[in-house]
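# Structural overview
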Amino acid sequence: MSAEVETLIEGQPVMAILRNMEAKRAVELASRAWDLGIDLVEVPIQSPDAVPSLEAVVKAGAERGKVVGSGTVITPEQVRRSRELGVAFTVAPGLDEEVVRLCREIGMPHLPGVSTPSEVQGAVRLGCSVVKAFPASVLGTDWFKAMQGPFPAVKFVATGGIDATNAAAFLEAGARTVAVGSALADERQLDLISGILADRIGAGA
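Now for a quick tour of the structure.

Rules used throughout
- Residues numbered from 1 in each chain as written.
- Predicted model: local features only at pLDDT ≥ 70, side-chain atom pairs only at ≥ 80, totals over all residues.
- Heavy atoms only, no water.
- Helix = DSSP H or I, 4+ residues; strand = E, 2+ residues; numbered from the N terminus.
- Rg over C-alpha atoms; globule rule 2.2 N^0.38 Å.
- Buried < 20%, exposed > 50% of the residue type's maximum accessible area, 1.4 Å probe, protein only.
- Contact = heavy atoms within 4.5 Å.
- Areas by Shrake-Rupley, 256 points an atom, 1.4 Å probe, with all protein chains shown as cover.
- Lys, Arg positive; Asp, Glu negative; His and termini not counted.
- Charge placed at Lys NZ, Arg CZ, Asp CG, Glu CD.
- Pairing = 2+ DSSP bridges.
- Right-handed = clockwise from strand over helix to strand, strands pointing away.
- Polar contact = N/O pair within 3.5 Å; in protein donor to acceptor, adjacent residues only side chain to side chain.
- Axes fitted to C-alpha atoms, helices over the stretch in contact; angles between N-to-C directions.
- Left-handed = near helix turned anticlockwise from the far one by under 90°.
- Nonpolar A, V, L, I, M, F, W, Y, C, P; charged D, E, K, R; others polar.
- Core = buried A, V, L, I, M, F, W, Y, C linked by side-chain atoms within 4.5 Å.
- Expected span 1.5 Å × (residues − 1).

### Looking at the overall build of the protein chain
If you tally the helices and strands in the protein chain, you get ten helices and nine strands. Its C-alpha atoms give the protein chain a radius of gyration of 16 Å, within 12% of the compact-globule value 17 Å for 205 residues. By principal-axis analysis of the C-alpha atoms, the protein chain measures approximately 45 × 40 × 25 Å. Counting the 205 residues in the protein chain, one finds 49% classified as buried. For the protein chain, long-range pairs separated by at least 24 residues make up 61% of all intrachain contacts whose partners lie at least 6 apart in sequence. Taken as a whole, the protein chain presents about 9200 Å² of accessible surface, with 51% of it coming from carbon and sulfur. Distance between charge centres in the protein chain, computed from 19 positive and 25 negative side chains, equals 2 Å.

Printed below as a string of structure tokens:
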């Protein structure tokens, strides 16, 4: 399972999180992200009324050969629903052993959330070598630098409070990918973030 997550984030320094958006708006932003070279797109399903937006973005992604993930997946039921919709990967705010094991059983790449060394260690024990560090802005860039010592093989996706003003700092601190969510309420953020993506690719990062 973890190897598949590693494949998904390989060469993808930015992930767009489309939370609390109506289906039409979610598809518009997902399409804009794809146009800018941001291939990682996640649609959180923290409530049932968010599922239609996920479904619409998954359909739009399929038409363009793009994969889409579901976020805030904290129950087995959400895992199963995500699979039914054709989701490519799931993301969680925390580490839940039942969710991790179910995702492994059905072959669904899963990105669990962590915020402490104990949780990172627990995720590794469950076979996850890629984890979501949340909330990144609260943890701070020094946290990412510190985690490289005891967990050199773990790849971190920085999530929570990330925007164009601090994304590069988290990448420099050791995050493999930065996930931008609430900041996307400002339409300029995608363009600004895509500039960071271009810089990273140009530098061979």
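### Focus: the pairing of strand β9 (residues 177-180)
Each regular strand shows side chains that alternate between the opposite faces of the sheet. Side chains of β9 alternate between two faces, with T177 and A179 and V178 and V180 buried alike. In the sheet, strand β1 (residues 14-17) pairs with β9 via three bridges, with the strands oriented parallel. Within β9, the residue paired with M15 across the bridge is A179. Taken together, the three bridges between strand β8 (residues 155-159) and β9 define a ladder with parallel strand orientation. The residue of β9 that forms the bridge with A158 is V178. For the crossover from β8 across helix α9 (residues 167-172) to β9, the handedness is right-handed.

### Some details on the pairing of β1
Burial along β1 is two-sided: V14 and A16 facing one way and M15 and I17 facing the other are all buried. With three bridges joining them, β1 and strand β2 (residues 40-44) adopt parallel strand pairing. By the bridge assignment for β2, M15 is matched with L40. In this fold, the crossover linking β1 to β2 by way of helix α2 (residues 23-35) has right-handed handedness.

### Some words on the side chain of Q12
With respect to the helices and strands, Q12 occurs in the loop between α1 (2-9) and β1. A polar contact of 3.3 Å, which involves the side chain of Q12, links it to the backbone nitrogen of D39. In contact with Q12, other than residues within four places in its own chain, are G37, I38, D39, L40, R176 and T177.

### Digging into the side chain of H110
Within the element layout of this structure, H110 appears in strand β5 (residues 110-111). For H110, a relative accessible area of 2% translates into the label buried. Within the structure, H110 has its side chain in polar contact with the side chain of T90 (distance 2.7 Å).

### Considerations on the packing of α2 against helix α3 (residues 51-64)
The geometry of α2 relative to α3 is characterised by a closest axis approach of 8 Å and an angle of 35° between their N-to-C directions. For the pair α2 and α3, the crossing hand works out as right-handed. Across the interface between the two elements, A23, A26, V27, A30, S31, W34 and D35 from α2 touch P52, S53, A56, V57, A60, G61 and R64 from α3. Classifying every residue of the contact of α2 with α3 by side-chain character gives nine nonpolar, three polar and two charged.

### Description of the nonpolar core
Counting 57 residues, the largest nonpolar core has L18, F144 and F156 as the members making the most contacts within it. If near-sequence neighbours (up to four positions away) are discounted, F144 is found in contact with A133, A136, F156, A158, F170, A173 and A175. L40, V91, L111 and V130 belong to the second-largest nonpolar core, a separate cluster that totals eleven residues.

### A word on the sheet that holds β1
The sheet built from nine strands is open, its strands ordered β5-β4-β3-β2-β1-β9-β8-β7-β6 with parallel pairing. Strands with a single pairing partner mark the edges of an open sheet, and in this sheet they are β5 and β6 (113-114). Against the sheet, α3 makes contact with β2 and β3 (68-71), and its axis sits at roughly 165° relative to β3, the strand it touches most.

### So, α3
In a regular helix each residue adds 1.5 Å, so 14 residues correspond to 20 Å; α3 covers 20 Å between its end C-alpha atoms and thus fits that length. Residues of α3 that are buried in the fold lie against α2, β2, β3 and α4 (76-84). Count one or two residues on from α3 and you reach G65, which has phi positive near 75°.

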